[in-house]
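# Examination of the molecular architecture
Spelled out, the chains give:
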Amino acid sequence: MSPTTPASALTIAGSDSGGGAGIQADLKAFAAHRVHGLSVIAAMTAQNTRGVSAVHVPPIDFLRAQIEACFDDFDIHAVKLGMLANAEVIHAVADALERHRPPHVVLDPVMVATSGARLLEDSALQAMRERLLPLATLVTPNAPEAELLVGRSIANGNDAEQAAASLLELGAGAVLLKGGHLHEGNRVVDRYFDGVSSEEFIHARLPLDAHGTGCTLASAIAAQLCNGLSLANACEAGIDYVARGLQQGYAPGRSEVLVLDHFGAAPHA
């Protein structure tokens, strides 16, 4: 890699035909951070701002071929994991990560779409706990996702802290537990834990319905890790990126659901 060549980040996730989440959002976020984006499509969704109408998971051999093609040719600094629909996919991805050992793995444990559509099969939950959490540099669940992973409810900040401790015990290197689903007044508190230090990142709660924020946050963090930020600083920068993108978000479809403005949120803008 020459001094002028950007670092490469790989997203292994689902494709969103509406362009607001998934692979499409990840690649936009990588580009905004001046990182070369690679992609492995682990699922295809028929999706728009109104919801998900169909999901197709490609053959597992094709998934493996995509992953190997990327690692064979690129120096991958970070891998972002998104929608991995079933246990077979999770095991194939975990096998590849164990084989190639990228410096950073950011796991966004996508389980349910904003619209309410279930994106993770029940049989895959244990595979995610056992195979992916121990490989994750960082896991970025929202409260409902963390509840499924740890098996108990999260209603407040104290519950969030206990859930993060449980996720660390399951093997995650660090946890960024997103606060958008917790009712904490007119603010959103995202909580970072790595077993040694903890941080709270606080933003005003915006009165809007948005699509693709979780995907974008995880990919922005992965990009900032590629660019040399520490883990906690990458989380803070990624959260700020999403906040700027939401403030300037727009509704591209016929619903009122917003997607992020990646151009306006770009760190170099």
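Structure: above.
One structure accompanies this document, and this report is about it. (Residues numbered from 1 in each chain as written. Predicted model: local features only at pLDDT ≥ 70, side-chain atom pairs only at ≥ 80, totals over all residues. Heavy atoms only, no water.)

The buried fraction of strand β4 (residues 76-81) amounts to 5 of the 6 residues, a majority that puts the element mostly inside the structure. The sheet contact formed by strand β1 (residues 8-16) and β4 spans 5 bridges and is parallel. In the strand pairing of β4, A9 is matched with A78. Sheet topology note: the β4/strand β5 (residues 104-107) ladder contains 4 bridges and is parallel. Residue pairing across strands places L81 opposite L107, the latter belonging to β5. (Buried < 20%, exposed > 50% of the residue type's maximum accessible area, 1.4 Å probe, protein only. Helix = DSSP H or I, 4+ residues; strand = E, 2+ residues; numbered from the N terminus. Pairing = 2+ DSSP bridges.)

As a further point, take the side chain of S255. Looking at where S255 falls in the secondary structure, it is placed in the loop between α8 (231-247) and α9 (262-265). The exposure class assigned to S255 is buried, which follows from its relative accessible area of 18%. In terms of polar contacts, S255 uses its side chain to reach the backbone amide nitrogen of V257, at 3.2 Å. Not counting residues within four places of it along the chain, the set of residues in contact with S255 comprises T49 and R50. (Polar contact = N/O pair within 3.5 Å; in protein donor to acceptor, adjacent residues only side chain to side chain. Contact = heavy atoms within 4.5 Å.)

This part is about the packing of helix α1 (residues 22-32) against helix α7 (residues 213-226). With their axes 8 Å apart at the nearest point, α1 and α7 run at an angle of 35 degrees to one another. The hand of the α1/α7 crossing is right-handed. Here G22, A25, D26, A29 and F30 of α1 come into contact with α7, specifically with C215, T216, S219, A220, A222 and A223. Here the contact of α1 with α7 is built from residues that sort into 7 nonpolar, 3 polar and 1 charged. (Axes fitted to C-alpha atoms, helices over the stretch in contact; angles between N-to-C directions. Left-handed = near helix turned anticlockwise from the far one by under 90°. Nonpolar A, V, L, I, M, F, W, Y, C, P; charged D, E, K, R; others polar.)

Here we take up the environment of M83. Position of M83 relative to the elements: it lies in the loop between β4 and α3 (87-100). Classification of M83 by relative accessible area gives buried; the value is 6%. With 127 residues separating them along the chain, M83 and A210 place their C-alpha atoms 18 Å apart.

This brings us to the pattern of salt bridges. What the rule picks out here adds up to 8 salt bridges. Note that K80 and D26 form a salt bridge whose closest N and O atoms lie 3.0 Å from each other. Here the residue K80 occupies a position in strand β4, and D26 occupies one in helix α1, the gap between them amounting to 54 residues. According to the relative accessible area criterion, K80 is buried, its value standing at 0%. R191 is paired through a salt bridge with E200; the nearest N and O atoms lie 3.7 Å apart. (Salt bridge = Lys/Arg side-chain N within 4 Å of Asp/Glu carboxyl O.)

This next bit is on the state of the cysteines. Scanning the model with the defined rule gives 0 disulfides in all. For C215, which is in no disulfide, the shortest distance to another cysteine sulfur is to C235 and amounts to 16 Å. A residue is classified by how much of its surface remains accessible, and C215, at 13% relative accessible area, is buried. You can see C226 has no disulfide; the closest cysteine sulfur is in C70, sitting 13 Å from it. Among the residues examined, C226 registers a relative accessible area of 10% and is labelled buried. (Disulfide = S-S within 2.5 Å.)

A few words on helix α2 (residues 60-73). The end-to-end C-alpha distance of α2, which contains 14 residues, comes to 21 Å, matching closely the 20 Å that a straight helix rising 1.5 Å per residue would cover. Those residues of α2 lying buried are I60, L63, Q66, I67, C70 and F71. One side of α2 carries all its buried residues, which in axial view fall inside an arc of 125 degrees. In α2, the exposed positions that point more than 90 degrees away from the buried face belong to D61, D72 and D73. Packing partners of the buried residues in α2 comprise β1, β2 (36-48), β4 and α3. (Expected span 1.5 Å × (residues − 1). Arc of directions from axis to C-beta.)

Attention shifts here to the environment of Y192. When you line up the elements, Y192 lands in strand β8 (residues 187-193). Counting along the chain gives 128 residues from Y192 to R64, while the straight-line C-alpha distance between them is 32 Å. For Y192, the residues in contact, after removing those within four places along its chain, are L138, A174, V175, L176, S197, S198, E199, F201, L231, A232 and C235. Within the local environment of Y192, its side chain forms a polar contact with the side chain of D194, the two groups lying 3.1 Å apart.

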